[in-house]
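Architecture at a glance
The lines below spell out each chain.
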Amino acid sequence: MVETYLGLPLSPQKLKFADYQPLITSFDRYLAGWKARLLSTGGRIVLVNSVLGSLPIYFMSSALLPKKVREVLDAKRRAFLWTGEEKCHGSSCLVAWDNICTSKEHGGLGIKNMENMNHCLLLKFVHKLHDASTPPWKRWFLSHSGRDLEPTHDSYLGKLIHGELQRYRSLTTVQVGDGAQTSFWHDRWLLNDPLRETFPALFSHSISQSISVREALATDLRHHMRPQLTNVAETELCMLLDCLEHFTLGGHHDKHLLTLPGNESFSSRGAYRAIQGEAPANDSMRIWATKLPTKIKFFSWLLHRGRLNTRAHLHQRNIRTLEESWCAHCLGVLETDEHIFSECRKAQDLWARLGIFVQCEVVRRPWDIGVATSLPEAVRVDVILLILWHL
């Protein structure tokens, strides 16, 4: 029997798909109230991000959503974005969902990846186990877990934390204070990698693989090793002792920081950015930096990716016949994006009047169009995108 506590399903057994129906119903309730067909694509992007992306946060802050539930919610978000309907066929989706669920700096739309967001929200439990606070749940958990934070009994919270622990350690480094909350072997505190990876032979000889930094440095490291070390392990021990020669513990608590530029303090938002990784140089950010409506930015983003719904694109996906794929102004020529904005007579007449020369190669890089014109650089990209939109 599943009970509800503070809006969340509560059960001693594993929750079934039906137990998450209230979350799915909340999606349907919002979608039914929106006049999606009256919204532009830009408006739907805003709603997907600000509303549909926020609805499951309360659930995901306490539980790891099953894959089937995430797929259902993502299907509703995807259908609303592309068609405004409750469901949509794959042919309506112009860009893969995984590419959309990346940041704009990485070339996506900035829609949150639900699985990554779920993990980042749950990482806060692991983080609280490594700070100085002692809430009641933390005292209870530590009294029922081993030194490596592995639960000693079948506990939902224990499984949750143990499942996220390795991810937390991969995203953080430690500024060591007293060393009490830092794992000697598993955390990144001395070198760029955990000591168990840097000195694998020595780690295999350790008899205390879950000790803290404070415990390891309180005595000779050899007391935590097996009596007989191999030659490789002995060499690694000497190297490790050299690294520790000038290291001293402080009087403050250990501080776990995210592996981001500036080593910022841990937060779920920061962890999400760390999972995505450092953004590469991406010129498409110049599209999002314009002051145009979101629907024009979205159109330009599709153009940059070569995913506009041109007649040639529809023919390629077997939605239109070849005869239906000719340009309306140039019979016998496929209507591709390069043709529409560069080769078509209508486009050539317009560009000639404006004194702008547009080559096919730069159509998908609209920020490179009109560089030699007298347009102020602050508004040049905005003007070019607006012209492309009206073409």
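Cut-off values and rules
- Residues numbered from 1 in each chain as written.
- Predicted model: local features only at pLDDT ≥ 70, side-chain atom pairs only at ≥ 80, totals over all residues.
- Heavy atoms only, no water.
- Helix = DSSP H or I, 4+ residues; strand = E, 2+ residues; numbered from the N terminus.
- Contact = heavy atoms within 4.5 Å.
- Salt bridge = Lys/Arg side-chain N within 4 Å of Asp/Glu carboxyl O.
- Expected span 1.5 Å × (residues − 1).
- Buried < 20%, exposed > 50% of the residue type's maximum accessible area, 1.4 Å probe, protein only.
- Patch = residues over 30% accessible without salt bridge, like charges linked within 9 Å, V, L, I, M, F, W, Y side chains within 5 Å.
- Areas by Shrake-Rupley, 256 points an atom, 1.4 Å probe, with all protein chains shown as cover.
- Axes fitted to C-alpha atoms, helices over the stretch in contact; angles between N-to-C directions.
- Parallel < 35°, antiparallel > 145°, perpendicular 65-115°, else oblique.
- Nonpolar A, V, L, I, M, F, W, Y, C, P; charged D, E, K, R; others polar.

**A word on the side chain of His339**
Relative to the helices and strands, His339 resides in helix H17 (residues 337-343). Residues in contact with His339, not counting those within four places in the same chain, are Cys327, Cys330, Val333, Leu334 and Cys344.

**Describing the pattern of salt bridges**
In the structure shown here, the tally under the stated rule is 16 salt bridges. Note that Lys76 and Asp28 form a salt bridge whose closest N and O atoms lie 2.7 Å from each other. Separated by 48 residues along the polypeptide, Lys76 in helix H4 (residues 67-82) and Asp28 in helix H1 (residues 21-33) bring together distant segments of the chain. Close ionic contact of Glu377 with Arg286 constitutes a salt bridge, the shortest N to O distance being 3.4 Å. With Glu377 in helix H19 (residues 377-390) and Arg286 in helix H14 (residues 285-288), this residue pair connects regions lying 91 residues apart in the sequence. Several salt bridges converge on common partners, so that one network encompasses Asp28, Lys76 and Glu86.

**Some remarks on H19**
Taking 1.5 Å per residue, 14 residues should reach 20 Å; H19 reaches 21 Å between its end C-alpha atoms and fits that length. Within H19, burial applies to Arg380, Val381, Asp382, Ile384, Leu385, Ile387 and Leu388. On its buried side, H19 packs onto H14, helix H15 (294-305), H17 and helix H18 (345-354).

**Examining a nonpolar patch on the surface**
Together, Tyr5, Leu6, Leu10 and Tyr58 line one region of the surface with nonpolar side chains, adding up to about 470 Å² of accessible area. For Leu10, the location among the structural elements is in strand S2 (residues 8-10). Overall, the relative accessible area of 52% leaves Leu10 in the exposed class.

**Here we look at the packing of H1 against H4**
Contact geometry of H1 with H4 gives a least axis separation of 10 Å together with a crossing angle of 10 degrees. Judged on the interaxial angle alone, H4 and H1 are roughly parallel. Seen from H1, the contacting residues are Leu23, Ile24, Phe27, Asp28 and Leu31; seen from H4, they are Val72, Leu73, Lys76, Arg77 and Phe80. Looking at the contact of H1 with H4, its residues break down into seven nonpolar, no polar and three charged.

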